[in-house]
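# Examining the three-dimensional arrangement
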Amino acid sequence: MKKIKNLCRIRLKGLNQERTISNISKSCKLYNLNRIEKSISEVEVNSKDLKKVKAQLMSSGLEVEILKVSGIGQFIKRFLSFYGVIAAIVLSIGLYIFQYGYVWQIKVFGTEKLNDSEIVSFIEQNFNKHKSQIETENVELLLKENFKRISAVSVAIVGQTLVVNIYETIYPIEMEGQFSPIYAEVDCKIISTDLIQGTLCVKVGDIVRRGEVLVQPFIIDSQGQKREVVPEAKIEAEVWLIGKAEHYDSYYKTERTGKKIECGKVKLFGLEIYNNCQENTFLQSECEENSVFLSKNQILPLIYEKTVYYETKTQLIEQSFEEVKIQKVEEAKQNALIYLQEKDIIKEEIANIKSLGGVTNLEYVVTVRRNIGVNFETLHKES
Amino acid sequence: MFNFFDEIKSLLSKCEPEALASFNIVNVAGKILYVEGHLGLTELGKDSIAFKVKKGRVIVEGQELTLAELTENTMKIVGKIKRVEVF
């Protein structure tokens with residue numbers, strides 16, 4: 001406490017000091033009075049009283065010498081005179097605040113096949129180093145879009161480091177690498193092939209199933225040696241997009257009338273302790289049940305069971321297919337067009353209608369022209 | 001909170017009312033001497049410190065004495081206190 005106080009140690013020289021000290025003590029508090037020699041003594045006073053004490057001592061004919069000034073105030077005062085140190089501290093704080101807003105390091109974890117430096121340089125090229133301008137969700141999306149190998153990725157900013165955790169896709173060994181075959185994307189009929197590199201396994205007019213190999217990743221050279229190559233080909237096929245719809249000439253339709261009866265029960269350990277049930281008087285009804293815990297602990301597990309009975313009415317609906325034919329065809333068509341892709345060219349549209357025993361099945365087939373060759377990664381991703 | 005001096009004063013007020021209005025000295029283990037009601041310092045030395053009190057003078061003798069605190073009517077003397085005499 002004494003060290004925190006702003007004390008000033010002064011030396012007094014002269015005779016009859018006791019009288020003067022007694023007088024001063026009436027207005028100021030004095031500390032640690034010591035007699036050094038017969039005419040010399042030392043005393044500590046608060047810095048704020050120094051001027052007053054000094055004046056009183058000098059007016060009494062005593063010589064005053066300030067020996068030491070201590071305390072936190074003095075420390076701050078002295079410290080503030082070190083301009084260089086202050087400037088250095090201010091500069092350091094400023095630099096620290098400035099650089100804290102930036103990401104200085106990118107750490108990538110979980111890579112085996114992928115190259116860390118490739119990912120780091122990709123992030124550096126596409127994103128600013130300033131923390132506020134890096135949206136981790138965007139980084140994750142872009143990484144996933146640009147690196148097919150990435151199965152899942154999470155990005156977080158920890159301090160001044162961008163931490164990227166990657167989970168790579170694992171393929172079967174035979175499908176690994178750039179020498180994977182080209183597979184059929186869908187069930188289709190081949191209509192044109194344009195081989196660039198590899199061994200073609202299909203010809204025009206072939207009907208292939210999804211996943212069948214179209215181009216093998218090798219060639220047999222003039223010496224009969226098998227040589228691996230990156231398969232490349234432009235294969236177009238007719239793809240059938242099928243949409244279905246059904247119609248019944250007559251059927252029973254059950255719907256709620258809007259009337260209901262509610263029944264509530266409170267149970268404890270399976271035993272019913274309260275209920276406000278009314279008798280279900282509906283001729284035809286359906287019910288919904290749900291139960292909730294009334295207490296949040298397991299000490300007294302009170303359960304409230306609520307049952308609601310809805311009155312229903314069943315009626316026979318009769319409608320011939322001809323009446324709704326256009327709507328049903330449109331419904332089947334829309335179901336087929338769900339599978340339409342961006343670059344598909346529609347060649348033909350056929351609606352097949354089969355009626356048997358009052359049930360009409362409608363199948364709408366859209367034939368499109370599509371490039372069907374995909375590599376394993378895309379096939380795997382789509383499946 | 002219990003006030004030692006006030007408690008003594010209230011107990012002894014009937015016996016010595018004048019004496020209680022004078023000064024109080026508390027010697028703690030011969031190392032700290034607390035004085036209340038002094039009227040001014042008369043002597044300051046390493047071996048003795050003297051001060052005036054109402055109707056008298058007190059001399060404190062010892063070794064390495066320091067007047068740790070001094071206010072208008074209280075003082076704290078620190079050191080090896082051997083004797084306290086009231087004249």
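Overview of the structure. (Residues numbered from 1 in each chain as written. Chains lettered and ligands numbered in written order. Predicted model: local features only at pLDDT ≥ 70, side-chain atom pairs only at ≥ 80, totals over all residues. Heavy atoms only, no water.)

With that settled, consider the overall build of chain A. From N to C terminus, chain A includes eight helices and 22 strands. For chain A, the residues scored as buried account for 31% of the 383 residues in total. Within chain A, residue pairs in contact and separated by at least 24 positions form 64% of the contacts whose partners lie at least 6 positions apart. (Helix = DSSP H or I, 4+ residues; strand = E, 2+ residues; numbered from the N terminus. Buried < 20%, exposed > 50% of the residue type's maximum accessible area, 1.4 Å probe, protein only. Contact = heavy atoms within 4.5 Å.)

Residue and element names in this part refer to chain A. For the structure shown, the criterion picks out one disulfide over all chains. Bridging Cys263 to Cys277, the disulfide has an S-S length of 1.8 Å. Because the sign of the S-S torsion sets the handedness, a value of about 45 degrees for the bond joining Cys263 and Cys277 places this disulfide among the right-handed ones. Highlighted residues: Cys263 in strand β16 (residues 250-268) and Cys277 in the loop between β17 (271-275) and β18 (285-293), separated in sequence by 14 residues. (Disulfide = S-S within 2.5 Å.)

Attention now moves to the environment of Glu331 of chain A. Residues and elements named next belong to chain A. Along the chain, Glu331 turns up in helix α7 (residues 321-337). Accessibility expressed as a relative area gives 38% for Glu331, which makes it partly exposed. Sequence separation of Glu331 and Leu362 is 31 residues, and the distance between their C-alpha atoms is 9.5 Å.

All names here are of chain A. Read from one edge of the open sheet, four strands run β17-β16-β19-β18, paired in antiparallel fashion. Edge positions in the sheet fall to β17 and β18, since each has one partner strand and no second. Averaged over all pairs of adjacent strands, the angle between their axes in this sheet comes to 35 degrees, without regard to strand direction. Across 16 bridges, β16 lies against strand β19 (residues 302-318) in antiparallel orientation. Of the residues in β19, the one forming a bridge with Glu255 is Lys313. (Pairing = 2+ DSSP bridges. Axes fitted to C-alpha atoms, helices over the stretch in contact; angles between N-to-C directions.)

Here we take up the interface of chain B and chain A. Listed as interface residues are 15 residues of chain B and, on the opposing side, 15 residues of chain A. At the surface where chain B touches chain A, the tally comes to one salt bridge. Here Glu69 of chain B ties to Lys29 of chain A by a salt bridge, and the two come within 3.3 Å at their closest N and O atoms. Linking chain B to chain A there are 10 residue pairs in polar contact (both at pLDDT 80 or more). Elements supplying a minimum of two residues to the side of chain B that touches chain A: β3 (40-44) and β5 (56-70) of chain B. No other element matches β5 of chain B, which puts six residues into the side of chain B that touches chain A. Taken together, the three bridges between strand β2 (residues 30-35) of chain A and β5 of chain B define a ladder with antiparallel strand orientation. For Leu33 of chain A, the partnering residue across the bridge sits in β5 of chain B and is Leu67 of chain B. (Salt bridge = Lys/Arg side-chain N within 4 Å of Asp/Glu carboxyl O. Polar contact = N/O pair within 3.5 Å; in protein donor to acceptor, adjacent residues only side chain to side chain.)

Glancing now at helix α5 (residues 116-126) of chain A. All names here are of chain A. By the burial criterion, the buried members of α5 are Ile119, Val120, Phe122 and Ile123. Buried residues of α5, seen end-on, are gathered within an arc of 160 degrees and therefore sit on one face of the element. Where the residues of α5 are buried, they touch β5 (105-109), α6 (136-146) and β7 (161-168). (Arc of directions from axis to C-beta.)

With that settled, the discussion passes to the side chain of Thr161 of chain A. All names here are of chain A. Positionally, Thr161 belongs in strand β7. A polar atom in the side chain of Thr161 sits 3.5 Å from the side chain of Gln105. Setting aside residues no more than four positions away along its own chain, Thr161 makes contact with Val103, Gln105, Lys107 and Ala156.

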